[in-house]
Amino acid sequence: MRYKALEKITDIDFSIVQEYINTGSSHAIDEDHQRMLDICIRCYGLLRDFPQRNVCIRKLMALMGLPYTTAARYVDFTRKTWGDYLSVNKE
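Keep in mind that this is a model prediction, so the values were computed, not measured.

J.: Can you tell me about the overall build of the chain, naming the residues and giving the values?
T.: Each helix and strand counted, the chain has four helices and zero strands in total. For the chain, the α and β elements follow one another from N to C terminus as α-α-α-α. Put simply, the chain has 91 residues, and 35% of those count as buried. Taking contacts inside the chain between residues at least 6 apart in sequence as the whole, the part at least 24 apart equals 57%. Accessible area for the chain stands at about 6,000 Å²; split by element, carbon and sulfur atoms hold 50% of it.

J.: Quick rundown of the environment of Met-36? Include the residues and the values.
T.: In this fold, Met-36 is placed in helix α2 (residues 31–49). Residues Met-36 and Ile-12 lie 24 residues apart in sequence; the distance between their C-alpha atoms is 8.4 Å. If we skip the residues at most four places from it in the chain, Met-36 touches Ile-12, Asp-13, Phe-14, Val-17 and Tyr-74.

J.: With reference to specific residues and values, describe the packing of α2 against helix α4 (residues 68–82).
T.: When two helices pack together, their arrangement is given by the angle between the helix axes and by the axis-to-axis distance. In the contact formed by α2 and α4, the axes pass within 9 Å of each other and the chain directions differ by 75°. By the angle between their axes, α2 is roughly perpendicular relative to α4. Seen from α2, the contacting residues are Met-36, Ile-39, Cys-40, Cys-43, Tyr-44 and Leu-47; seen from α4, they are Tyr-74, Val-75, Phe-77, Thr-78, Arg-79 and Trp-82. For the contact of α2 with α4, the per-class residue count stands at ten nonpolar, one polar and one charged.

J.: Please set out helix α3 (residues 53–64) residue by residue, giving values where relevant.
T.: Between the first and last C-alpha of α3 there are 16 Å, a value that for twelve residues agrees with the 16 Å anticipated at 1.5 Å per step. Where α3 is buried, its residues contact α2 and α4. Immediately beyond the C-terminal end of α3, within one or two residues, lies Gly-65, with a positive phi of roughly 70°.

Cut-off values and rules
Residues numbered from 1 in each chain as written. Predicted model: local features only at pLDDT ≥ 70, side-chain atom pairs only at ≥ 80, totals over all residues. Heavy atoms only, no water. Helix = DSSP H or I, 4+ residues; strand = E, 2+ residues; numbered from the N terminus. Buried < 20%, exposed > 50% of the residue type's maximum accessible area, 1.4 Å probe, protein only. Contact = heavy atoms within 4.5 Å. Areas by Shrake-Rupley, 256 points an atom, 1.4 Å probe, with all protein chains shown as cover. Axes fitted to C-alpha atoms, helices over the stretch in contact; angles between N-to-C directions. Parallel < 35°, antiparallel > 145°, perpendicular 65-115°, else oblique. Nonpolar A, V, L, I, M, F, W, Y, C, P; charged D, E, K, R; others polar. Expected span 1.5 Å × (residues − 1).

So this is what it looks like as structure tokens:
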């Protein structure tokens, strides 16, 4: 299933996804926010394999059919949310 390729950066509201992650309460999750959560989970998997921001953005763009700015927002949100769980060694 392909996601909306023209998803605008202004349409992305991570607050409900953040609430779901923090509380586990799914009462506010609708279909669009569930899709956003799915993209974040895929992004987390990519970050584990490709911890460099730009590489991960490009991989997410290819995988999900997102424009650069939207993929960058997802990568930044995912790194901010689960960054402590990603161990990155600069060596």
